[in-house]
Amino acid sequence: MKTIKAIAIILAAVVLSAFSWKTPVYKDASQPVEKRVQDLLKRMTLQEKIMQMNQYIIGRNDNSNNRGKVVAKIPPEIGSLIYFYEDPETRNDIQKRAMEQTRLGIPVLLGFDVIHGYRTVFPVPLAQAASFNPGMTSKLNAIAASEAYSAGIDWTFAPMIDVCRDPRWGRIVECYGEDPYTNSVFCEAAVKGFQGKNLSDKGTIAACLKHFVCYGASEAGRDYVYTEVSDQTMWDTYLPPYEAGVKAGAQTVMSAFNNINGIPASANRHTLTDILKNGWGFDGLVVSDWDAIAQIKLNGMAQDAAECAELSVNAGVDLDMKDNAYAEHLEQLVKEGKVSIKRIDDAVARILRVKFRLGLFDDPYRENKPQEEVFMQQESLELSEKAAAESMVLLKNDSSVLPLRKGAHIALIGPLAEAKKDLLGSWRGKGRADETETLAAAMQREFDGRVTVVEGCSFKGEDRSGFAEALQAAQSADAVVLALGEKSGWSGENASRANIELPEIQQELLREVKKAGKPMVVVLFNGRPLVLTQDEPMADAILEAWFPGTRGAAAVAGTLSGRYNPSGKLPVTFPAHQGQIPIYYNKRLPARRGNQGYYFDVTVKPLYPFGHGLSYSNFESSPVTLSADKLSKGGKITASVTVKNTSAVDGAQTVLWFISDPSCRRVTRPEKELRHFEKKIIPAGASETFTFEIQPERDLSFPDSQGTRFIEAGKFIVSACGTQAEFTLE
Ligand code: GLC
């Protein structure tokens, strides 16, 4: 018996060693990722390494801002592609060529902009922030990842977490608002939604933190321009969401277009390597934004593409999106000693690491499922509607005009009454207008057909010919709903507006319809804060619907009827006047108070502040109380507030908790800083207690201008729901 056992053991050892001899480590799924990376790296030639550092596009490019030459014959050794197809068939062909027609069989990494949904489109990120429900964002992104994965995508270029305080900038629609903490919390939720528990699981895709960094500080709200950002502001405002994303395990980061204090973001070694890679230990890959490497020349820092490539790769950009600078120049730069092989190996190791973590080597192909089994599933659509409803912000509701009485006859007027594509917002992925319900259709269903629909006017222009019909419809109705706002293309990339009021023709329509003397509800579809000071007095109610996605119209109709009780809060300040910009809540204290430091001609107050949002319920809050009024650096105290729903309508309330440090010797702090928020449903007549456990290291420490966190003893203030309490850190 023993002999047989011994023989069996020897045989097993021989087979295993034969297996290991035949199968290289990098192809052995049982080996640790790092071993597979290093094993493959040492087998690669310089040219094979350089090809991994390039990304081309395949399919019809639907981003009108990004044109340029398309590489006709894509080499199978290419590292990555932006994949515009909606099914995995082409992907599978690409992977088959890469795995079988190349010397080492390295799969291709396929990316796409899955920003707020893939085929089922969800509310734009700015709207999701207004829900103050990051758990919802995780769920939405998990669905988006599943749809995109089935279509052949491995990697999304999201979340966009560029804090923005200038609503003229069109890309404010893509981020989670003006506050660093809100962007950080939603960033973590977004990454977890895309990447799931295990990146190699089917249905998960790699996330991408973008656009690194300070892109939201774009001068005068224009795109692709200079950004002047102090070190202190970089650490206080623009870096925190990225640090949160790296901690959440995001596998990729995208370097931005903007010029940071004179060093373009895609040539900025301090941000890309000192902070991101060496400081935070980020071990994934950095991809440049589209042509951002070549644009280093346009920014005025390089003579030619070779110099752009040298600056960018040495700064820390690992993968070149689209401009071919790495493919054309890196080999020569290495020969000239301007780029080290060490740096090349580091970049390629990062790219391979992401591919191994995604499981691409072991499972490179996608099942080509019927689209009706994958996209636009009923539960996805229901969640899209629920998310949109949670994102609505009720800005005004005089005399409780809303919700509209069932049975009322409604005149629905405005250029967005029958809009479809515009409700999807910018970066709508593969969302389709013909799969998007109009507000008119949703309201006919919600209000049993008692809706008269009149366009009244177009988005902009001088044509007033529809005004008479609009006024007549209003005169014949019990209430008027005006669907006003922006086209989806008026925000997003390369979509800045110097004038952020409603277009003049829409304001005139509002004034014209007002003559009917009926209750007036304005529903806004827009991708940025608007200056509504002229319009606000004419509206009895204003509902901010943002760009609410595939089922957004149903969410709006349901909110107007009371089926949904609005619970959104503004993640961005709505200025009262364009001249106030930049205007945001967490500003630093001025040297003078009272009537000094104000404008002669307009107020300094916003029309609607950060955190503003009404409900159909009525909430009353107790003053903030503390479990103690002093704590040590290792201790913690709990702040509490009790909120009572004194109405007869169940509703959800969000409590925003702010910290203030009124005298900080190291560096002054903003007037107040959001540090915690919580949303709860409070049934009619009931009360809920909200708490914030203050932990000094997390909540009372701040970065200095080098990013070193410090904590100072002294007086602090915690505030929520309009009241505050003081405590001392000893
Ligand atoms: C664009 C955008 C970026 C996007 C990329 C790929 O120019 O700046 O957000 O992910 O190109 O489409």
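Below you will find a few notes about this structure.

Reading the values: rules and limits
- Residues numbered from 1 in each chain as written.
- Predicted model: local features only at pLDDT ≥ 70, side-chain atom pairs only at ≥ 80, totals over all residues.
- Heavy atoms only, no water.
- Pairing = 2+ DSSP bridges.
- Helix = DSSP H or I, 4+ residues; strand = E, 2+ residues; numbered from the N terminus.
- Axes fitted to C-alpha atoms, helices over the stretch in contact; angles between N-to-C directions.
- Buried < 20%, exposed > 50% of the residue type's maximum accessible area, 1.4 Å probe, protein only.
- Arc of directions from axis to C-beta.
- Contact = heavy atoms within 4.5 Å.
- Near = heavy atom within 4 Å.
- Polar contact = N/O pair within 3.5 Å; in protein donor to acceptor, adjacent residues only side chain to side chain.
- Areas by Shrake-Rupley, 256 points an atom, 1.4 Å probe, with all protein chains shown as cover.
- 1 Å grid on protein atoms, 1.4 Å probe; cavity = no way out; pocket = protein on both sides within 12 Å on 5 of 7 lines; lining within 4 Å.
- Sits in = over half its atoms within 2 Å of the grid points.
- Right-handed = clockwise from strand over helix to strand, strands pointing away.

**Considerations on the sheet that holds strand β12 (residues 393–397)**
Here's step 1: As summarised here, the arrangement of the six strands in space is β12-β17-β16-β15-β13-β14, forming an open sheet in which the pairing is mixed. Every interior strand has two partners, whereas the edge strands, β12 and β14 (451–454), have only one. Between one strand axis and the next, the sheet turns through 15° on average, direction left out of account.

**Some thoughts on helix α19 (residues 467–475)**
Here's step 1: Where α19 is concerned, the buried positions are Phe 467, Ala 470, Leu 471, Ala 473 and Ala 474. Taken around the axis of α19, the buried residues stretch over an arc of 160°, which confines them to a single face. Across α19 from its buried face, at more than 90 degrees, point the exposed residues Ala 468 and Gln 472.
Here's step 2: Packed against the buried residues of α19 are β13 (410–413), β14, β15 (479–485) and α20 (504–514).

**Looking at the sheet that holds strand β23 (residues 673–682)**
Here's step 1: Reading across from one edge, β20-β28-β27-β22-β23 is the order of the five strands in this open sheet, with mixed pairing throughout. Strands at the two margins of the open sheet, each flanked by one partner only, are β20 (630–631) and β23.
Here's step 2: Bridge analysis of strand β22 (residues 651–660) against strand β27 (residues 714–720) gives three bridges, and the strand direction is antiparallel. Directly across from Phe 658, in β27, lies its bridge partner Ser 719.

**Overview of the environment of Val 374**
Here's step 1: Mapped onto the elements, Val 374 comes out in helix α15 (residues 371–374).
Here's step 2: On the accessibility criterion, Val 374 (12% relative accessible area) is buried.
Here's step 3: Between the alpha carbons of Val 374 and Ala 498 there is a distance of 41 Å; along the sequence they are 124 residues apart.
Here's step 4: Those residues in contact with Val 374 that lie beyond four places of it in its chain are Glu 147, Ser 150 and Lys 369.

**Describing the site of the ligand**
Here's step 1: What surrounds the ligand is a group of 14 residues, the closest being Asp 113, Arg 171, Lys 210, His 211 and Asp 289.
Here's step 2: In the environment of the ligand, an oxygen atom lies 2.8 Å from a nitrogen or oxygen atom belonging to the side chain of Lys 210.
Here's step 3: At 2.6 Å, a side-chain N or O of Asp 289 approaches an oxygen atom of the ligand.
Here's step 4: In isolation the ligand has 310 Å² of accessible area, and contact with the protein removes 99% of it.
Here's step 5: The cavity that encloses the ligand is the largest cavity.

**A look at the pairing of strand β16 (residues 520–525)**
Here's step 1: Of all the six residues making up β16, six are buried; the element is thus mostly covered by neighbouring parts of the structure.
Here's step 2: Across six bridges, the pairing between β15 and β16 is parallel. Residue pairing in the sheet places Ala 483 in a bridge with Val 523 of β16.
Here's step 3: Note on the crossover from β15 through α20 to β16: the handedness is right-handed.
Here's step 4: The pairing of β16 with strand β17 (residues 541–544) spans four bridges and is parallel.

Nothing here speaks to function; it is geometry throughout.
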